[in-house]
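Examining the three-dimensional arrangement
The chain contents come next:
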Amino acid sequence: MHFIWKRLLATIPSLFGVVILTFLLSHALPGDPAAYFAGPAANADSIAEVRQKLGLDRPLIVQFLHYVGDLARGELGNSLTTGQPVLKDLVDRLPASLELSAFALLFAIGVAIPMGVLAAIRLNGPADHACRAIVTVCAAFPTFFIGLLLVYVFYFLLGMAPEPLGRLNEILYTAPPRVTGAFTVDALIAGDMEVFRASLAQLVLPAISLGLFALAPIARITRAAMLESLSSDFVRTARSSGLPTSKVLFTYAFRNSLLPISSVMGMVFSFLLGSNVLIEQVFGWQGVGAYAVSAVLASDYAAVQGFVLMMAILYILLNLVVDVLATLIDPRVRFEG
Amino acid sequence: MSFTTLARNTGHAFGENPLTLVAVVILALLLVCALFGGWIAPYDPLTTDATAKLAPPSLDHWFGTDALGRDILSRVIVATRLDLGMAFSAVALSFGVGLALGSAAGYLGGWTDRIIGRLMDTIMAFPLFVLAMGIVAALGNNVANIIIATMIINLPFYCRFARAEVNVRRDLGYAEAARMGGNRTLTVLVVHIIPNILPPMMVQASLNMGWAILNAAGLSFIGLGVRPPTPEWGIMVSEGASFIVSGEWWAFVFPGAALVLAVFSFNLLGDGLRDLLDPRKRV
């Protein structure tokens, strides 16, 4: 528990840094931010009004304190494009993005870890070469390009995948009643298997495209970590004591490889949350990424700022969870921390 | 490392890993396209042709034409300069700034180190592509800001690397000797320490180029920075994407393949360079 508290405290400076940086970014806006936030149809009077309302005529530090105060109340401003509070927009769309990322992560882990383990066990064998080739290729393909290729092959050529236009074909199906906001989960809760299958079918291609890019670092580190633990003394001892191979591999070698694997997850989350934006664009997925892209293009800065902040906080929390899980996997971390 | 050993090691690295040689050849090709693209391209990349809209690849148009009848091969060739240019400028800038900040932090320690370290931690606290989007949104939607954004998200890697490398060398004999000889701090750092950390930093940079290309192309794919009709791989893929559902694959496949080829060869080159400089680090 002591470690978890310490780790929680350590996120405070990161959160603080993130808030300062997003605040400063909003002040780097070209031209007059008041004119910017007042929108394109503003005149001198409405700009002055906005300036006063936003407190832009006050010193920077006062503005910052107000900004922090607003954040604490969940007040992220209104979006120019949707006219809604940014927080509401983001909360509405976040489950879609999380659903996509979660499936992508499951796919990446499900493929990369067995692949890395196999490559390490059969070092320099065909599985190892295949692993190396897949990792090299996956690391070179832009996520959006993989997504488009998969659409071409599985939708246009083979006709196996549904049309890549969003989360559910709204003409054929109605969205399940909102509980979590993730269509697959909500459909299961509602017990509607048809909608579940339909939303899962929409999800498969985007999740795989997103997962393929995250696959490379996980497979690489799994292979390296397995090689390291397989050549260690404790594995040699376990082997020479006559333990069955499966026990040596999974209880001894693999369990010790989990720590380095968990340490690469931070990078993987960074990839996933970033590439999510690209994949949502490709598949017309109505998540926070697609929302942010249209906001950036429409110079809707409050919405972009809210998105960046939300993603950063999410990322910090995910890293926190991984670190806490690492202490459960490997007690040594608690003492080193 | 003398030139003969370098030559021998290079030969060894190529022999050991022929892919590195492939990477060098592809990169040379891309470099030629980047430098002389305008002369090599068979057509003008901006000239539209209403009679040849979305024509499939043929002898006239090897890569086909796009929705406005522009020759895709020419556009892919001409785009090389912008794509590699954006990535290269961003990597060069993060290399320079990261080296300066990292060396200062590693050599001076104390508050300098703490402040710079905290700054880098803050950048790393964001999902990097998301931060790049935020930076472009705030600074303005143009190519220069794409480069700045890519530079900023790459900065922590160089900075931390330089800090660690300078830190371990700060108290080594030769640095000590240089200080005792009465050199100024800056001289010790620039003349005696930094030249020693440049080779591993270069490996970092070439491994990083592929990632920088992906980032810059990703930003233009979502419509940031580069404006149509400028030929650029990311934006071309995004323009071609609308025609996938009707089966016109060439409009997105060729620019995408150019991207893959560029990223792939920089990654291979980086791996090759790493093997060359430090054979132990091979994974």
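Residues numbered from 1 in each chain as written. Chains lettered and ligands numbered in written order. Predicted model: local features only at pLDDT ≥ 70, side-chain atom pairs only at ≥ 80, totals over all residues. Heavy atoms only, no water.

Looking at an unreviewed UniProt entry, one finds chain B named Nickel ABC transporter permease and attributed to Skermanella stibiiresistens SB22. Here is the UniProt Sequence similarities (unreviewed entry) comment for chain B, exactly as written: "Belongs to the binding-protein-dependent transport system permease family." (UniProt positions renumbered as here; feature names shortened; annotations may be inferred.)

Under an unreviewed UniProt entry, the name given to chain A is Peptide ABC transporter permease, and the organism recorded is Skermanella stibiiresistens SB22. UniProt, in its Sequence similarities (unreviewed entry) section for chain A, records the words "Belongs to the binding-protein-dependent transport system permease family."

**Examining the interface of chain B and chain A**
The interface is formed by 43 residues belonging to chain B together with 48 residues belonging to chain A. Regarding the contact of chain B and chain A, the summed buried area is about 3800 Å², with carbon and sulfur atoms giving 82% of it. Taken together, chain B and chain A are joined by 0 salt bridges. At the boundary of chain B with chain A, the tally comes to 1 residue pair in polar contact (both at pLDDT 80 or more). Elements with a minimum of two residues in the side of chain B that touches chain A: helix H4 (110-124), helix H5 (128-139), helix H8 (185-221), helix H9 (233-241) and helix H10 (250-277) of chain B. Across the side of chain B that touches chain A, the residue classes break down as 33 nonpolar, 9 polar and 1 charged. (Contact = heavy atoms within 4.5 Å. Buried area = accessible area lost by both parts, 1.4 Å probe. Salt bridge = Lys/Arg side-chain N within 4 Å of Asp/Glu carboxyl O. Polar contact = N/O pair within 3.5 Å; in protein donor to acceptor, adjacent residues only side chain to side chain. Helix = DSSP H or I, 4+ residues; strand = E, 2+ residues; numbered from the N terminus. Nonpolar A, V, L, I, M, F, W, Y, C, P; charged D, E, K, R; others polar.)

**Focus: the UniProt feature "domain: ABC transmembrane type-1" (unreviewed entry) in chain B**
Cross-referencing UniProt, the feature "domain: ABC transmembrane type-1" (unreviewed entry) maps to residues 80-270 of chain B in the present numbering. The span residues 80-270 of chain B shows a helical share of 83% and a strand share of 0%, and its end C-alpha atoms are spaced 20 Å apart.

**Some remarks on helix H6 (residues 126-140) of chain A**
In this model H6(A) runs 21 Å from its N-terminal to its C-terminal C-alpha over 15 residues, within 8% of the 21 Å that 1.5 Å per residue would give. Turning to H6(A), its buried residues number three or more, namely Asp128(A), Cys131(A), Val135(A), Cys138(A), Ala139(A) and Ala140(A). At its buried positions, H6(A) is contacted by helix H5 (86-121) and helix H9 (193-230) of chain A together with H8 and H10 of chain B. (Expected span 1.5 Å × (residues − 1). Buried < 20%, exposed > 50% of the residue type's maximum accessible area, 1.4 Å probe, protein only.)

**Re the packing of helix H1 (residues 2-27) of chain A against helix H14 (residues 301-329) of chain A**
Angle between the axes and distance between the axes are the two parameters that describe a pair of packed helices. Residues and elements named next belong to chain A. Viewed as axis vectors pointing N to C, H1 and H14 meet at an angle of 165 degrees, and their least axial separation amounts to 10 Å. Here H1 is positioned roughly antiparallel relative to H14, judged by the angle of their axes. The crossing of H1 and H14 is right-handed. Among the residues forming the contact of H1 with H14, the class breakdown is 16 nonpolar, 7 polar and 2 charged. (Axes fitted to C-alpha atoms, helices over the stretch in contact; angles between N-to-C directions. Parallel < 35°, antiparallel > 145°, perpendicular 65-115°, else oblique. Left-handed = near helix turned anticlockwise from the far one by under 90°.)

**Things to note about empty space enclosed by the protein**
Counted by the stated rule, this structure contains 2 cavities of 30 Å³ or more. The calculated volume of the largest cavity comes to roughly 190 Å³. Lining the largest cavity are 15 residues, with Phe213(A), Ser275(A), Phe129(B), Trp211(B) and Asn215(B) sitting closest to its centre. Class assignment for the residues of the lining of the largest cavity results in 9 nonpolar, 6 polar and no charged. The space that makes up the second largest cavity amounts to roughly 40 Å³. Looking at the second largest cavity, the residues that line it are Ala161(A), Pro162(A), Glu163(A), Pro164(A), Ala201(A), Gln202(A), Leu205(A), Pro206(A) and Phe283(A). If one sorts the elements of the lining of the second largest cavity by residue count, H9(A) sits on top with 4 residues. Looking at the lining of the second largest cavity residue by residue, the class counts come to 7 nonpolar, 1 polar and 1 charged. (1 Å grid on protein atoms, 1.4 Å probe; cavity = no way out; pocket = protein on both sides within 12 Å on 5 of 7 lines; lining within 4 Å. Points joined across faces, edges and corners; volume = space filled by probe spheres on them.)

**Here we look at unusual backbone geometry**
Cis geometry is found at the peptide bond from Pro228(B) to Pro229(B), where omega equals 5 degrees. Mapped onto the elements, Pro229(B) comes out in the loop between H8 and H9. Positive phi, normally seen in glycine, also occurs at Asn124(A), with a value near 65 degrees. Assignment of secondary structure puts Asn124(A) in the loop between H5 and H6.

**Some words on the UniProt feature "transmembrane region" (unreviewed entry) in chain B**
All names here are of chain B. Mapped onto the present numbering, the UniProt feature "transmembrane region" (unreviewed entry) falls on residues 21-41, 84-107, 119-137, 143-161 and 249-270. End C-alpha atoms of residues 84-107 are separated by 33 Å, and the span's content is 100% helix alongside 0% strand. Annotation note: span residues 119-137, helix share 84%, strand share 0%, distance between end C-alpha atoms 21 Å.

**What to know about a nonpolar patch on the surface**
Taken together, the side chains of Leu31(B), Val32(B), Leu35(B), Phe36(B), Trp39(B) and Ile40(B) make up a nonpolar region of the molecular surface, amounting to roughly 640 Å² of accessible area. Its place among the elements puts Ile40(B) in helix H2 (residues 18-40). (Patch = residues over 30% accessible without salt bridge, like charges linked within 9 Å, V, L, I, M, F, W, Y side chains within 5 Å. Areas by Shrake-Rupley, 256 points an atom, 1.4 Å probe, with all protein chains shown as cover.)

**Some thoughts on the nonpolar core**
Within the largest apolar cluster, 167 residues are counted, with the highest numbers of intra-cluster contacts made by Phe144(A), Phe307(A), Met133(B) and Ile222(B). Looking at which element gives the most residues to this core, the answer is H8(B), with 16 residues. Membership of the second largest hydrophobic core comes to 6 residues, among which are Leu168(A), Ala187(A), Phe196(A) and Ala198(A). (Core = buried A, V, L, I, M, F, W, Y, C linked by side-chain atoms within 4.5 Å.)

**Examining the UniProt feature "transmembrane region" (unreviewed entry) in chain A**
According to UniProt, the "transmembrane region" (unreviewed entry) feature falls on residues 100-121, 133-158, 200-219, 257-279 and 307-329 of chain A. Taken end to end, residues 200-219 of chain A is 100% helix and 0% strand, and its first and last C-alpha atoms sit 25 Å apart.

**Re the confidence of the model for chain A**
The predicted model of chain A averages 85 in pLDDT, with 94% of residues at 70 or higher. Mean pLDDT per element in chain A: helix H15 (residues 332-336) of chain A is the minimum at 64, and H5(A) is the maximum at 92. (pLDDT = per-residue confidence, 0-100.)

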